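Geometric and topological summary
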Amino acid sequence: LDFARLSLDLMEAKGSSRLFETARDVSKELSTLISDMGCIFSNSDEALSCCRLQFPKGKLYGRDLQLKVLTDVCSNIGKPGASKIVLVSGYSGAGKSTLVEHAKTFTKKKDICFISGKFEHLQQAKPLSSIEAALFEYSNEIVKQGREKILQTRWSIIQTIKSDVGVLTKTFPCLSKIIGKLTSTPADVHFIAAQNRFKFIFQMFVRVITTQLHPLVLFLDDLQWADELSLQLISALVRDTENSNFLFIGSYRDNEIGPSHRLSTLINELESMKVKMTHINVSSISKEDLNKLIAGTVNMPQDLTKSLSDIVYQ
(Lines give C-alpha, C1' and ligand atoms only; values in the text may rest on other atoms or scores of the structure.)
Protein backbone atom coordinates (compact mmCIF):
# COMPACT_ATOMS: atom_id res chain seq x y z
CA LEU A 1 0.00 0.00 0.00
CA ASP A 2 2.82 2.43 0.90
CA PHE A 3 4.60 1.65 -2.36
CA ALA A 4 1.36 2.22 -4.30
CA ARG A 5 0.89 5.62 -2.67
CA LEU A 6 4.49 6.55 -3.46
CA SER A 7 4.02 5.56 -7.09
CA LEU A 8 0.85 7.66 -7.36
CA ASP A 9 2.59 10.65 -5.76
CA LEU A 10 5.45 10.41 -8.25
CA MET A 11 3.05 10.21 -11.19
CA GLU A 12 0.99 13.14 -9.92
CA ALA A 13 3.96 15.46 -9.35
CA LYS A 14 3.07 18.86 -10.73
CA GLY A 15 5.17 20.63 -13.34
CA SER A 16 5.46 21.44 -17.01
CA SER A 17 5.95 17.73 -17.79
CA ARG A 18 5.51 14.72 -15.57
CA LEU A 19 8.58 12.59 -15.01
CA PHE A 20 6.58 9.37 -14.67
CA GLU A 21 3.47 8.65 -16.74
CA THR A 22 2.71 5.16 -15.46
CA ALA A 23 3.48 2.82 -12.58
CA ARG A 24 5.65 0.87 -15.02
CA ASP A 25 7.86 3.96 -15.44
CA VAL A 26 8.25 4.24 -11.67
CA SER A 27 9.10 0.53 -11.40
CA LYS A 28 11.67 0.80 -14.17
CA GLU A 29 13.41 3.75 -12.48
CA LEU A 30 13.53 1.96 -9.13
CA SER A 31 14.80 -1.25 -10.72
CA THR A 32 17.60 0.66 -12.42
CA LEU A 33 18.54 2.33 -9.17
CA ILE A 34 18.60 -0.96 -7.22
CA SER A 35 20.54 -2.85 -9.89
CA ASP A 36 23.22 -0.15 -9.93
CA MET A 37 23.90 -0.45 -6.21
CA GLY A 38 26.25 -3.38 -6.55
CA CYS A 39 28.39 -1.50 -9.06
CA ILE A 40 28.54 1.65 -6.95
CA PHE A 41 29.51 0.26 -3.58
CA SER A 42 32.58 -1.92 -3.15
CA ASN A 43 32.16 -2.86 0.51
CA SER A 44 29.46 -3.61 3.03
CA ASP A 45 30.02 -0.41 5.05
CA GLU A 46 29.13 1.76 2.08
CA ALA A 47 26.15 -0.41 1.31
CA LEU A 48 24.83 -0.10 4.85
CA SER A 49 25.16 3.70 4.84
CA CYS A 50 23.35 4.02 1.51
CA CYS A 51 19.89 5.58 1.71
CA ARG A 52 20.20 6.34 5.42
CA LEU A 53 19.30 9.92 6.23
CA GLN A 54 22.50 11.69 7.24
CA PHE A 55 21.92 15.42 7.35
CA PRO A 56 25.30 16.98 6.50
CA LYS A 57 26.73 18.94 9.43
CA GLY A 58 28.74 22.08 8.90
CA LYS A 59 27.99 22.12 5.19
CA LEU A 60 26.28 24.96 3.33
CA TYR A 61 24.78 24.41 -0.12
CA GLY A 62 24.43 27.10 -2.76
CA ARG A 63 25.62 29.96 -0.54
CA ASP A 64 29.31 30.23 -1.48
CA LEU A 65 28.98 33.73 -2.94
CA GLN A 66 26.95 35.11 -0.02
CA LEU A 67 29.30 33.51 2.51
CA LYS A 68 32.34 35.02 0.82
CA VAL A 69 30.77 38.49 0.85
CA LEU A 70 29.97 38.16 4.56
CA THR A 71 33.38 36.81 5.60
CA ASP A 72 35.12 39.49 3.52
CA VAL A 73 33.21 42.19 5.42
CA CYS A 74 34.24 40.58 8.72
CA SER A 75 37.87 40.50 7.56
CA ASN A 76 37.78 44.22 6.78
CA ILE A 77 36.54 45.40 10.19
CA GLY A 78 38.58 48.44 11.17
CA LYS A 79 39.88 49.16 7.68
CA PRO A 80 39.11 52.49 5.94
CA GLY A 81 35.86 52.36 3.95
CA ALA A 82 34.74 49.08 5.51
CA SER A 83 31.05 48.35 6.01
CA LYS A 84 29.59 49.14 9.44
CA ILE A 85 26.39 47.18 8.83
CA VAL A 86 25.41 44.03 6.91
CA LEU A 87 21.74 43.32 6.22
CA VAL A 88 20.83 39.75 5.26
CA SER A 89 17.38 39.50 3.70
CA GLY A 90 15.21 36.65 2.47
CA TYR A 91 12.06 34.64 3.10
CA SER A 92 11.48 32.68 6.29
CA GLY A 93 13.45 29.42 6.18
CA ALA A 94 15.74 30.56 3.35
CA GLY A 95 18.83 30.04 5.50
CA LYS A 96 19.73 33.57 6.61
CA SER A 97 20.64 32.60 10.18
CA THR A 98 22.54 29.53 8.99
CA LEU A 99 24.61 31.70 6.66
CA VAL A 100 25.57 34.01 9.52
CA GLU A 101 26.36 31.05 11.78
CA HIS A 102 28.82 29.77 9.20
CA ALA A 103 30.44 33.20 9.07
CA LYS A 104 30.70 33.06 12.87
CA THR A 105 33.12 30.11 12.65
CA PHE A 106 35.35 32.33 10.52
CA THR A 107 35.37 35.12 13.14
CA LYS A 108 36.66 32.71 15.80
CA LYS A 109 39.85 32.26 13.78
CA LYS A 110 40.28 36.04 13.60
CA ASP A 111 39.87 36.68 17.36
CA ILE A 112 36.66 38.60 16.75
CA CYS A 113 34.08 38.67 19.54
CA PHE A 114 30.76 37.53 18.05
CA ILE A 115 27.57 37.98 20.08
CA SER A 116 24.00 37.46 18.95
CA GLY A 117 20.35 37.87 19.85
CA LYS A 118 16.99 37.23 18.25
CA PHE A 119 13.84 39.33 18.20
CA GLU A 120 10.65 37.42 18.94
CA HIS A 121 7.24 38.28 17.53
CA LEU A 122 5.58 37.95 20.93
CA GLN A 123 8.22 40.03 22.74
CA GLN A 124 7.88 43.27 20.77
CA ALA A 125 6.36 44.90 23.86
CA LYS A 126 9.62 44.22 25.74
CA PRO A 127 12.22 46.65 24.35
CA LEU A 128 15.87 45.66 24.01
CA SER A 129 15.26 41.94 24.69
CA SER A 130 17.41 40.88 21.74
CA ILE A 131 20.30 43.19 22.67
CA GLU A 132 20.05 41.99 26.26
CA ALA A 133 20.43 38.38 25.06
CA ALA A 134 23.56 39.37 23.11
CA LEU A 135 25.06 41.13 26.14
CA PHE A 136 24.29 38.06 28.24
CA GLU A 137 26.54 36.11 25.84
CA TYR A 138 29.21 38.79 26.13
CA SER A 139 29.11 38.79 29.94
CA ASN A 140 29.44 35.01 30.09
CA GLU A 141 32.38 35.10 27.69
CA ILE A 142 34.22 37.63 29.87
CA VAL A 143 33.49 35.61 33.02
CA LYS A 144 34.87 32.46 31.33
CA GLN A 145 38.20 34.23 30.80
CA GLY A 146 38.76 34.58 34.53
CA ARG A 147 38.97 37.16 37.28
CA GLU A 148 41.81 39.17 35.74
CA LYS A 149 39.79 39.73 32.55
CA ILE A 150 36.70 40.68 34.57
CA LEU A 151 38.64 43.28 36.59
CA GLN A 152 40.32 44.67 33.48
CA THR A 153 37.00 45.02 31.63
CA ARG A 154 35.27 46.48 34.70
CA TRP A 155 37.99 49.10 35.15
CA SER A 156 37.83 50.14 31.48
CA ILE A 157 34.03 50.51 31.56
CA ILE A 158 33.92 52.47 34.82
CA GLN A 159 36.81 54.73 33.80
CA THR A 160 34.98 55.68 30.60
CA ILE A 161 31.34 55.86 31.70
CA LYS A 162 31.99 56.79 35.34
CA SER A 163 28.84 57.44 37.42
CA ASP A 164 26.54 56.70 34.47
CA VAL A 165 27.53 53.03 34.57
CA GLY A 166 24.44 52.39 36.72
CA VAL A 167 22.27 53.19 33.69
CA LEU A 168 23.79 50.16 31.94
CA THR A 169 23.36 47.68 34.78
CA LYS A 170 19.82 48.88 35.44
CA THR A 171 18.84 48.28 31.80
CA PHE A 172 20.99 45.18 31.29
CA PRO A 173 21.30 43.35 34.64
CA CYS A 174 23.55 40.71 33.05
CA LEU A 175 26.37 43.29 32.93
CA SER A 176 26.49 43.19 36.73
CA LYS A 177 28.56 40.00 36.32
CA ILE A 178 31.33 42.25 35.02
CA ILE A 179 30.67 45.66 36.53
CA GLY A 180 29.34 44.49 39.88
CA LYS A 181 26.31 45.69 41.80
CA LEU A 182 26.27 49.44 42.36
CA THR A 183 24.82 51.10 45.44
CA SER A 184 24.06 54.43 43.75
CA THR A 185 20.89 54.89 41.66
CA PRO A 186 21.00 56.78 38.34
CA ALA A 187 19.38 60.22 38.52
CA ASP A 188 15.95 60.52 36.88
CA VAL A 189 15.72 62.87 33.90
CA HIS A 190 13.09 63.77 31.32
CA PHE A 191 12.05 60.87 29.04
CA ILE A 192 13.53 62.33 25.81
CA ALA A 193 16.71 63.40 27.57
CA ALA A 194 16.92 59.98 29.22
CA GLN A 195 16.73 58.22 25.86
CA ASN A 196 19.42 60.41 24.32
CA ARG A 197 21.60 59.94 27.39
CA PHE A 198 21.10 56.18 27.30
CA LYS A 199 22.03 55.96 23.60
CA PHE A 200 25.22 57.94 24.25
CA ILE A 201 26.14 55.79 27.27
CA PHE A 202 25.57 52.59 25.30
CA GLN A 203 27.63 53.98 22.43
CA MET A 204 30.49 54.70 24.85
CA PHE A 205 30.16 51.22 26.35
CA VAL A 206 30.55 49.54 22.95
CA ARG A 207 33.58 51.72 22.22
CA VAL A 208 35.20 50.46 25.42
CA ILE A 209 34.67 46.76 24.74
CA THR A 210 35.87 46.92 21.11
CA THR A 211 39.52 47.22 20.17
CA GLN A 212 41.60 46.86 17.02
CA LEU A 213 42.92 43.53 18.30
CA HIS A 214 39.48 42.35 19.46
CA PRO A 215 36.71 43.74 17.21
CA LEU A 216 33.06 43.12 18.03
CA VAL A 217 30.34 41.70 15.78
CA LEU A 218 26.74 42.05 16.94
CA PHE A 219 24.23 39.85 15.10
CA LEU A 220 20.51 40.36 15.65
CA ASP A 221 18.07 38.03 13.94
CA ASP A 222 14.50 38.82 12.76
CA LEU A 223 14.80 42.61 12.59
CA GLN A 224 11.28 42.82 11.19
CA TRP A 225 10.11 42.42 14.81
CA ALA A 226 12.60 44.86 16.35
CA ASP A 227 11.32 47.51 18.76
CA GLU A 228 11.93 51.20 18.13
CA LEU A 229 14.52 51.70 20.90
CA SER A 230 16.62 48.74 19.69
CA LEU A 231 16.68 50.19 16.17
CA GLN A 232 17.74 53.55 17.61
CA LEU A 233 20.65 51.89 19.42
CA ILE A 234 21.67 50.06 16.25
CA SER A 235 21.58 53.35 14.37
CA ALA A 236 23.73 55.06 17.02
CA LEU A 237 26.33 52.27 16.87
CA VAL A 238 26.72 52.10 13.09
CA ARG A 239 26.84 55.92 12.81
CA ASP A 240 29.58 56.20 15.43
CA THR A 241 32.60 57.51 13.50
CA GLU A 242 34.77 57.10 16.63
CA ASN A 243 34.43 53.31 16.58
CA SER A 244 35.76 51.49 13.54
CA ASN A 245 36.12 48.14 15.33
CA PHE A 246 32.43 47.33 15.39
CA LEU A 247 30.22 45.55 12.85
CA PHE A 248 26.49 45.05 13.01
CA ILE A 249 24.84 42.14 11.15
CA GLY A 250 21.07 41.98 10.97
CA SER A 251 18.74 39.55 9.22
CA TYR A 252 15.12 40.11 8.32
CA ARG A 253 12.27 38.78 6.21
CA ASP A 254 12.06 41.23 3.33
CA ASN A 255 8.56 40.03 2.39
CA GLU A 256 7.25 41.14 5.79
CA ILE A 257 8.31 44.77 5.71
CA GLY A 258 6.84 47.56 3.57
CA PRO A 259 8.01 51.11 2.78
CA SER A 260 6.44 52.46 5.99
CA HIS A 261 7.94 49.79 8.28
CA ARG A 262 10.27 51.17 10.98
CA LEU A 263 13.12 49.00 9.64
CA SER A 264 12.65 50.40 6.12
CA THR A 265 12.73 53.89 7.60
CA LEU A 266 16.00 53.12 9.41
CA ILE A 267 17.62 51.69 6.28
CA ASN A 268 16.63 54.76 4.25
CA GLU A 269 17.98 57.09 6.95
CA LEU A 270 21.33 55.29 7.13
CA GLU A 271 21.66 55.28 3.34
CA SER A 272 20.93 59.03 3.22
CA MET A 273 23.68 59.52 5.83
CA LYS A 274 26.11 57.58 3.60
CA VAL A 275 26.67 54.87 6.21
CA LYS A 276 28.67 52.09 4.53
CA MET A 277 26.25 49.19 4.18
CA THR A 278 26.34 45.73 2.60
CA HIS A 279 23.16 43.98 1.47
CA ILE A 280 23.03 40.19 1.07
CA ASN A 281 19.94 38.47 -0.29
CA VAL A 282 19.37 34.79 0.45
CA SER A 283 17.00 33.32 -2.13
CA SER A 284 16.00 29.75 -3.01
CA ILE A 285 18.87 27.44 -3.87
CA SER A 286 19.28 26.17 -7.44
CA LYS A 287 18.14 22.76 -8.65
CA GLU A 288 21.76 21.62 -8.88
CA ASP A 289 22.52 22.62 -5.28
CA LEU A 290 19.30 20.97 -4.11
CA ASN A 291 20.42 17.74 -5.76
CA LYS A 292 23.76 17.97 -3.93
CA LEU A 293 21.89 18.44 -0.65
CA ILE A 294 19.60 15.46 -1.24
CA ALA A 295 22.46 13.25 -2.42
CA GLY A 296 24.44 14.14 0.69
CA THR A 297 21.45 13.52 2.94
CA VAL A 298 20.67 10.03 1.59
CA ASN A 299 24.35 9.26 0.93
CA MET A 300 23.91 8.44 -2.74
CA PRO A 301 25.57 9.59 -5.97
CA GLN A 302 24.05 12.73 -7.47
CA ASP A 303 23.07 11.04 -10.75
CA LEU A 304 20.82 8.64 -8.83
CA THR A 305 19.03 11.37 -6.87
CA LYS A 306 18.40 13.71 -9.80
CA SER A 307 14.89 12.42 -10.48
CA LEU A 308 13.91 12.88 -6.85
CA SER A 309 15.51 16.33 -6.78
CA ASP A 310 13.57 17.39 -9.87
CA ILE A 311 10.31 16.49 -8.13
CA VAL A 312 11.25 18.18 -4.86
CA TYR A 313 12.35 21.33 -6.70
CA GLN A 314 8.93 21.62 -8.39
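Values in this document were obtained by computation on a predicted structure and should not be read as measured data.

The next subject is the nonpolar core. Ranked by internal contacts, the top residues of the largest apolar core, which has 51 residues, are I157, F172, F202, F205, L223 and F248. If you tally residues by element for this core, the top one is helix α10 (residues 191-209), at eight residues. Contacts of I157, omitting those with residues within four sequence positions, involve K162, V165, I178, I179, F205, V208 and I209. Counting residues in hydrophobic clusters, the runner-up holds 20 residues, among them V86, L247, I249 and I280.

This paragraph deals with the pairing of strand β3 (residues 216-221). Buried residues dominate β3, accounting for six of its six residues. Both faces of β3 are covered, namely the face carrying L216, L218 and L220 and the face carrying V217, F219 and D221. One ladder, built from six bridges, connects strand β2 (residues 113-118) with β3; its direction is parallel. Looking at the pairing, G117 lines up with L220 of β3. With five bridges connecting them, β3 and strand β4 (residues 246-252) associate as parallel partners. Following the sheet pairing, L218 is matched in β4 by F248. In this fold, the crossover linking β3 to β4 by way of helix α11 (residues 228-238) has right-handed handedness.

Okay, unusual backbone geometry next. In this model, K162 sits at a positive phi of 55°, which is unusual for a non-glycine residue. In this structure, K162 sits in the loop between α7 (147-161) and α8 (165-171). Positive phi values are uncommon outside glycine, yet K274 reaches one of about 65°. Inspection of the secondary structure puts K274 in the loop between α12 (262-272) and β5 (277-281).

Moving on: the sheet that holds β3. With parallel pairing, five strands are arranged side by side in an open sheet as β2-β3-β4-β1-β5. Of all the strands in the sheet, just β2 and β5 have a single pairing partner and so form its edges. Taken pair by pair, the neighbouring strands of this sheet meet at an average axis angle of 15°, ignoring direction. In the packing of α11 onto the sheet, the strands contacted are β1 (85-89), β3 and β4, and the crossing angle to β4 comes to about 140°.

By volume, the largest pocket is sized at about 600 Å³. Lining the largest pocket are 24 residues, with C113, E141, I142, Q145 and H214 positioned closest to its centre. Broken down by secondary-structure element, the contributors of at least two residues to the lining of the largest pocket are α5 (96-109), β2, α6 (129-144), α7 and α10. With six residues, α6 is the single largest residue contributor to the lining of the largest pocket. Split into classes, the residues belonging to the lining of the largest pocket amount to nine nonpolar, eight polar and seven charged.

Moving on: the packing of aromatic side chains. Given two aromatic rings, one states the distance between the centres and the angle between the planes to describe the pair. The full count for this structure, using the stated rule, is six aromatic pairs. Ring geometry for F172 versus F198: centroids 6.1 Å apart, planes at 40°, classification tilted. Within this pair, whereas F172 is found in the loop between α8 and α9 (176-179), its partner F198 is found in helix α10, the two being separated by 26 residues in sequence. Residue class for F172 comes out buried when judged on its relative accessible area of 0%. Classification of F198 as buried rests on a relative accessible area of 8%. An aromatic cluster of at least three residues, connected via ring pairs, comprises Y138, F172, F198, F202 and F205.

One pass over the structure, following the stated rule, counts two cavities of 30 Å³ or more. Lining the largest cavity are I115, I131, A134, L135, F202, F205, V206, I209, L216, L218, L237 and F246.

On to the pattern of salt bridges. What the rule picks out here adds up to eight salt bridges. Close ionic contact of D164 with R197 constitutes a salt bridge, the shortest N to O distance being 2.8 Å. In this pair, D164 sits in the loop between α7 and α8 while R197 sits in helix α10, placing the two residues 33 residues apart along the sequence. For the salt bridge of R253 with E256, the shortest nitrogen-to-oxygen distance reads 3.1 Å.

What follows is about the packing of helix α4 (residues 64-75) against α5. Between α4 and α5, the least distance of the axes is 10 Å, while the angle of their chain directions is 40°. Regarding the angle of α4 to α5, the classification is oblique. Once α4 is placed against α5, the crossing between them reads as right-handed. Residues Q66, L67, L70, T71, C74 and S75 of α4 pack against L99, V100, H102, A103, F106 and T107 of α5. A class-by-class count of the residues in the contact of α4 with α5 yields seven nonpolar, five polar and no charged.

Reading guide: rules and limits
- Residues numbered from 1 in each chain as written.
- Predicted model: local features only at pLDDT ≥ 70, side-chain atom pairs only at ≥ 80, totals over all residues.
- Heavy atoms only, no water.
- Core = buried A, V, L, I, M, F, W, Y, C linked by side-chain atoms within 4.5 Å.
- Buried < 20%, exposed > 50% of the residue type's maximum accessible area, 1.4 Å probe, protein only.
- Helix = DSSP H or I, 4+ residues; strand = E, 2+ residues; numbered from the N terminus.
- Contact = heavy atoms within 4.5 Å.
- Pairing = 2+ DSSP bridges.
- Right-handed = clockwise from strand over helix to strand, strands pointing away.
- Axes fitted to C-alpha atoms, helices over the stretch in contact; angles between N-to-C directions.
- 1 Å grid on protein atoms, 1.4 Å probe; cavity = no way out; pocket = protein on both sides within 12 Å on 5 of 7 lines; lining within 4 Å.
- Points joined across faces, edges and corners; volume = space filled by probe spheres on them.
- Nonpolar A, V, L, I, M, F, W, Y, C, P; charged D, E, K, R; others polar.
- Phe/Tyr/Trp six-rings, centres within 6.5 Å; stacked < 30°, edge-to-face > 60°.
- Salt bridge = Lys/Arg side-chain N within 4 Å of Asp/Glu carboxyl O.
- Parallel < 35°, antiparallel > 145°, perpendicular 65-115°, else oblique.
- Left-handed = near helix turned anticlockwise from the far one by under 90°.

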